[in-house]
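# Descriptive structure summary
What follows is the residue order along each chain.
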Amino acid sequence: MRGNPFRPSFGTSPRVVAGRTDLLEEFDVALDEGPGSPMRSILVSGARGMGKTVLLNELEERARVRGWHVLRLPEGPGLVAELERSVLPAELTEHDPSAEQRRVTGGSISAVGSVSTQISQTFPATQSVATMLQRLTEIAQEHGTGVLLTLDEVQAAPIEDVARLASAYQHLLRDEREVAFVGAGLPTGIASLLGQQGSTFLRRAERVDLAPLRDEEVRDAAVRTVREAGRVISPEAVERLAAIAHGYPYLLQLVGYQAWRAAGDDEVITLADVETTLPIVVDRMSRLVHTPALREVPQGQLDYLRAMAQDDGPSSTGEVAARLDISKQHGNVVRSRLIDRELIVPAGHGLVDVALPYLREHLRRG
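Rules behind the numbers
- Each chain has its residues counted from 1, running along the sequence as written.
- In keeping with the predicted nature of the model, local features appear solely for residues at pLDDT of at least 70, side-chain atom pairs appear and are counted solely at 80 or more, and the whole-chain, interface and lining totals rest on all residues.
- Water and hydrogen atoms play no part in the side-chain values, which are based on all heavy atoms of the structure.
- Only runs of H or I of at least four residues qualify as helices and only runs of E of at least two qualify as strands under DSSP, and these elements are numbered from the N terminus.
- Lys and Arg are tallied as positive, Asp and Glu as negative. Neither His nor the chain termini are counted.
- Taken as the charge location is NZ of Lys, CZ of Arg, CG of Asp or CD of Glu.
- What a helix should span is 1.5 Å times the count of its residues minus one.
- Each residue is assigned to one of three classes by its accessible area relative to the maximum for its type, calculated with a 1.4 Å probe on protein chains only: buried under 20%, partly exposed between the two thresholds, exposed over 50%.
- Contacts are residue-level and defined by heavy atoms, with any inter-residue pair within 4.5 Å sufficient.
- The pairing test for Phe, Tyr and Trp rings, Trp by its six-membered ring, is centres within 6.5 Å, and the orientation test on the planes gives stacked under 30 degrees, edge-to-face over 60, and tilted for anything in between.
- Note on geometry: a ring has a charge over it if NZ (lysine) or CZ (arginine) is within 6 Å of the ring centre and within 35 degrees of the ring normal.
- Within this document, salt bridges are pairs made up of a side-chain nitrogen of Lys or Arg and a carboxyl oxygen of Asp or Glu, the two lying within 4 Å of each other.
- Axes here mean lines fitted to C-alpha atoms, for a helix over just the part in contact, with angles spanning 0 to 180 degrees between N-to-C directions.
- Any angle from 65 to 115 degrees is called roughly perpendicular, while one under 35 is roughly parallel, one over 145 is roughly antiparallel, and all others are oblique.
- Each residue gets one label: Ala, Val, Leu, Ile, Met, Phe, Trp, Tyr, Cys and Pro are nonpolar, Asp, Glu, Lys and Arg are charged, and the others, such as Gly, are polar.
- Whether two strands pair depends on DSSP finding at least two bridges between them.
- Two distance rules govern patches: like charges are joined within 9 Å, and nonpolar side chains (Val, Leu, Ile, Met, Phe, Trp, Tyr) within 5 Å, applied only to residues with over 30% relative accessible area and no salt bridge.
- All accessibility values rest on the Shrake-Rupley procedure with a 1.4 Å probe; residue burial counts only the protein chains present in the view.
- Per-residue confidence from the predictor is reported as pLDDT, a score between 0 and 100.

A few words now on the overall build of the protein. Per the secondary structure count, the protein includes 16 helices and 12 strands. Here the C-alpha coordinates of the protein stretch approximately 80 × 55 × 40 Å along the principal axes. Charged side chains in the protein number 40 positive and 50 negative. The centres of these two groups are separated by 4 Å.

Before going further, it helps to examine helix α2 (residues 52-64). Each full turn of the α-helix corresponds to 3.6 residues, which orients residues three or four apart in the same direction. Its 13 residues place the ends of α2 18 Å apart at the C-alpha level, agreeing with the 18 Å of an ideal helix rising 1.5 Å per residue. Taken together, the buried positions of α2 are Lys52, Val54, Leu55, Leu56, Asn57, Glu58, Leu59, Glu60 and Ala63. Where α2 is buried, its residues touch α1 (21-33), β1 (41-45), β2 (69-72), β5 (147-151) and β6 (179-185).

The next subject is the packing of aromatic side chains. Each aromatic ring pair is characterised by the separation of its centres together with the angle its planes make. This structure, assessed with the given rule, holds 1 aromatic pair. Here Arg231 stacks its cationic end above the ring of Trp260, 4.2 Å away from the centre of that ring.

Time to look at the pattern of salt bridges. Applying the stated criterion across every chain yields a total of 24 salt bridges. Arg135 is the salt-bridge partner of Glu138, the closest N and O atoms lying 3.1 Å from each other. Here Glu138 and its partner Arg135 are both found in helix α4 (residues 129-142), 3 residues apart, which amounts to about one turn of the helix. Across the salt bridge formed by Arg240 and Glu275, the nearest N and O atoms sit 3.1 Å from each other. One end of the pair, Arg240, is in helix α9 (residues 235-245); the other, Glu275, is in helix α11 (residues 271-275), and 35 residues separate them in sequence. For Glu275, a relative accessible area of 36% puts it in the partly exposed group.

Turning to the packing of helix α3 (residues 79-95) against helix α5 (residues 159-174), a few remarks are in order. Packing of α3 against α5 brings their axes to within 8 Å, and their N-to-C directions diverge by 50 degrees. Our classification of the angle between α3 and α5 gives oblique. Across the interface between the two elements, Leu79, Val80, Leu83 and Glu84 of α3 pack against Asp161, Arg164 and Leu165 of α5. In the contact of α3 with α5, the residues fall into 4 nonpolar, no polar and 3 charged.

With that out of the way, let us pick up the pairing of strand β12 (residues 351-354). In this sheet, β12 lies alongside strand β10 (residues 315-316) in antiparallel orientation, the contact comprising 2 bridges. Residue pairing across strands places Ser315 opposite Val352, the latter belonging to β12. Taken together, the 3 bridges between strand β11 (residues 344-346) and β12 define a ladder with antiparallel strand orientation. Bridging from a neighbouring strand, Val345 pairs with Asp353 of β12. Two successive antiparallel strands, β11 and β12, enclose a turn made up of 4 residues, where Gly348 displays a positive phi of approximately 125 degrees.

With that settled, the discussion passes to the environment of Leu73. Along the chain, Leu73 turns up in the loop between β2 and α3. The buried category is assigned to Leu73, whose relative accessible area is 5%. C-alpha separation for the pair Leu73 and Asp152, spaced 79 residues apart in sequence, amounts to 7.9 Å. Here Leu73 is in contact with Leu83, Leu149, Thr150, Leu151, Leu165 and Phe181, once residues within four sequence places are set aside.

Glancing now at the packing of helix α13 (residues 299-308) against helix α15 (residues 328-340). At a minimum axis distance of 10 Å, the contact between α13 and α15 shows a crossing angle of 90 degrees. In terms of axis orientation, α13 runs roughly perpendicular to α15. In this structure, α13 contributes Gly300, Gln301, Tyr304 and Leu305 to the contact, and α15 contributes Gly331, Val334, Arg335, Arg337 and Leu338. The residue inventory of the contact of α13 with α15, partitioned by class, reads 4 nonpolar, 3 polar and 2 charged.

What follows deals with a negative patch on the surface. Taken together, the side chains of Asp22, Glu25, Glu26 and Glu206 define an acidic patch exposed on the protein surface. For the negative patch, the element with the highest residue contribution is α1, accounting for 3 residues. Structurally, Glu26 can be placed in helix α1.

One non-glycine residue, His246, adopts positive backbone phi at about 55 degrees. For His246, the location among the structural elements is in the loop between α9 and α10 (249-262). The partly exposed category is assigned to His246, whose relative accessible area is 42%. For Tyr358, which is not a glycine, the phi torsion comes out positive at approximately 70 degrees. Tracing the backbone shows Tyr358 in the loop between β12 and α16 (359-365).

To summarise the sheet geometry, strands pair through backbone hydrogen bonds and adopt either a parallel or an antiparallel arrangement. Across the sheet, which stays open at both edges, the 3 strands sit in the order β10-β12-β11 with antiparallel pairing between neighbours. Looking at strand neighbours, the two that pair on one side only are β10 and β11, the edges of this open sheet. Across the sheet, α15 touches β11 and β12, and the angle it forms with β11 is around 110 degrees.

Moving on, we get to the confidence of the model for the protein. In this model, the protein carries a mean pLDDT of 87, and residues with pLDDT of at least 70 account for 92%. Confidence, read as mean pLDDT per element, is least for strand β3 (residues 100-108) in the protein (39) and greatest for α11 (98). Segment residues 101-120 is flagged for pLDDT under 50; beyond a separation of four residues in sequence, or across chains, it makes 24 contacts in the model.

Right, here's the structure in full:
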């Protein structure tokens, strides 16, 4: 059996990237334009499965092909400490001609020959992030390139570390260094981070909110992925694949992967093959997306969601309040908080709907 070309793992780049072409091209232009281009500082937000990490990977690759240094910043607590202790010293040791001062202390002649040396590091871990970043950009600019900093799960970064990184980054911008920054994270976490002091440089970054892919983008990516791997997917199958995927890049990969497996050795992936994927999709979304998303949601908001899940489509806010035996005013407060969490969306006058694919099915299970 031929290797499956779909890659349904979070953060793994697919063989064919669906959509996002405009953003990638704008980033290309920003890198070529030089210091001052607004698209050199980008903050990407989107729900789980919307392709944030994959987009980061693609932007990193755009920088690498231009010879830029790409630094993936450590996620979570210890961001600055790890940068100072290991990430930046290692990068400078590798690329700075003055990073190591070697003194020959002895040698011996044998069949292969050997030389012993002592090495003193020019960039010990005691140097600051600002100092080391400044030196790295100097090295890059000597070779006509720059430095790209990327940070995934930006909402998990301690605000003190964000503030220190911001200070160093802003100095580089003021000095017109060849530097760029791309961060990515969940919408609610980013909103909370941006509300804190010390996150000014993130507020000034260009905001990119990843929307679901258009059906034609999903269909095109599916057809190209299958074709490049030596198979065909029927028109009916690709239409159903797009419907099940709901515009989520992760689901496009998951449905494609399972449909490819269901086809066995057949040359054509059929509608029946795609239909077999639905139970797997619902289960995977439940475990990997909905359970984490609901973990910290208060009980009152969970009750509201479960009351909504009784409907097959958009819910009347008045009927949901009646089911819960709460006042419309209290229902409106809960509704607003769920909208802020991006778990539900307005769906017309007096109507709301779940925001994530298969969340309704997950709630019904519970």
